[in-house]
Amino acid sequence: MDAYSRIVTSVAAAVTPRVAALQVPRRGRGGWFSTALGAAVVFTEDGFLLTNAHVVGHADAGMLAFADGTSSPFHTIGADPLSDLAVLRADGPTPSPVVLGEATALRVGQLVVAVGNPLGLAGTVTAGVVSALGRSLPARSGSAARIIDDVIQTDAALNPGNSGGALTTANGEVVGITTAVAGNGLGLAVPINATSRRIIAALLAEGRIRRAYLGLAGVPTPLPPALRHRTGQDTGLRIVEVVPGAPAFRAGLREGDLLLTAADEPMGSAQSLQRLMLADAIGRPLPLTALRGEALVDVIAVPAELPSDD
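These remarks concern the structure in this document. (Residues numbered from 1 in each chain as written. Predicted model: local features only at pLDDT ≥ 70, side-chain atom pairs only at ≥ 80, totals over all residues. Heavy atoms only, no water.)

**Topic: the overall build of the protein**
Along the protein, the regular secondary structure elements total 6 helices and 20 strands. Within the protein, buried positions represent 47% of all 310 residues. Once local pairs closer than 6 in sequence are excluded, the contacts in the protein between residues at least 24 apart make up 60%. Carbon and sulfur atoms make up 55% of the accessible area of the protein, which totals about 14500 Å². The averaged location of the 26 negative side-chain charges in the protein is 3 Å from the averaged location of its 23 positive side-chain charges. (Helix = DSSP H or I, 4+ residues; strand = E, 2+ residues; numbered from the N terminus. Buried < 20%, exposed > 50% of the residue type's maximum accessible area, 1.4 Å probe, protein only. Contact = heavy atoms within 4.5 Å. Areas by Shrake-Rupley, 256 points an atom, 1.4 Å probe, with all protein chains shown as cover. Lys, Arg positive; Asp, Glu negative; His and termini not counted. Charge placed at Lys NZ, Arg CZ, Asp CG, Glu CD.)

Okay, structure coming up:
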């Protein structure tokens, strides 16, 4: 057996028993019921599993089955559509957990293995490489929208039902939760990193994610050459909309301002700002610096909690 095959078979043997196939009931229009398929990954000793929020939807419970044939009901602990992550708990015994790795250590071209439940075929293993890093995936929950950033792109074959499964490195560490099939041999996975760990911890503790809200929309815009030279920063966030009455409006920001920093961190994209908009920012003064015309403007905004659409 060659080295590549030894790696894939080793990962398959280690991870497949720890990935469950999910059956999630869905109520459609007219009261009809259907069943959504997906996968989930055991990540704690006491039976908690990680999957995609879109697999669970609004379901409170469902059934899971492991590759050895054991099955049990599960109930949903919490789901966050804006990161496409959800935490479940099995109502029966589970295998020992996987090891969660760190997606920031990945490199393009690195071997990865995907384990999931495509088309209802539990325990399916595919392999490929990291095709690209730093991809973005839009997510929406009611009227709220967000970009899932640092998404992993892979050419490991993914099909409907792979969602919620494990994307692992050659040593079997889970570095992503497979979330979407982009077509033409492209698959995407939500990374396991510092941001997703915070989201998972909040789902475990509270069953939901609280997010902060400034009430502005912007687009990346190059800085004027003189300012770029002075700050070492290439881009800012041109504000194209400020919601009346929102924290950004009350702080004095205006459409046309070029947002440079928030909490002294460069703001070169919408993702740069949204990384700050988690629960610990709610109600705390947030210093902002913007370019208005040729003048630098310093303001203090106090982010509010983003209303839930549940």
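The discussion continues.
**Considering the side chain of Ser 163**
Structurally, the position occupied by Ser 163 is in the loop between β9 (144–154) and β10 (166–168). Judged by relative accessible area, Ser 163 falls into the buried class, the value being 12%. A distance of 3.3 Å separates a polar side-chain atom of Ser 163 from the backbone oxygen of Thr 179. With residues up to four places along the chain from it excluded, the contact list for Ser 163 reads Gly 38, Ala 39, Thr 51, Asn 52, His 54, Val 55, Thr 178 and Thr 179. (Polar contact = N/O pair within 3.5 Å; in protein donor to acceptor, adjacent residues only side chain to side chain.)

**Things to note about the sheet that holds strand β6 (residues 85–90)**
Ordered in space as β1-β2-β3-β6-β5-β4, the 6 strands form a closed barrel in which the pairing is antiparallel. Pairwise comparison of adjacent strand axes, ignoring direction, gives a mean angle of 40° for this sheet. Relative to strand β5 (residues 71–80), strand β4 (residues 61–65) is paired through 5 bridges, and the arrangement is antiparallel. The residue of β5 that forms the bridge with Gly 62 is Phe 74. Of the strands in this sheet, β3 (48–51), β5 and β6 are in contact with helix α3 (residues 194–206), which crosses β6 at around 45°. (Pairing = 2+ DSSP bridges. Axes fitted to C-alpha atoms, helices over the stretch in contact; angles between N-to-C directions.)

**Quick word on α3**
Here α3 spans 18 Å end to end across 13 residues, near enough to the 18 Å set by a 1.5 Å rise per residue. The inward-facing, buried residues of α3 abut β3, β5, β6 and β12 (186–191). Residue Asn 193 occupies the N-cap position of α3, its side-chain oxygen lying 3.2 Å from the main-chain nitrogen of Thr 195. Downstream of α3 by one or two residues, Gly 207 has phi in the positive range, about 75°. (Expected span 1.5 Å × (residues − 1).)

Geometric values such as these leave the question of function open.
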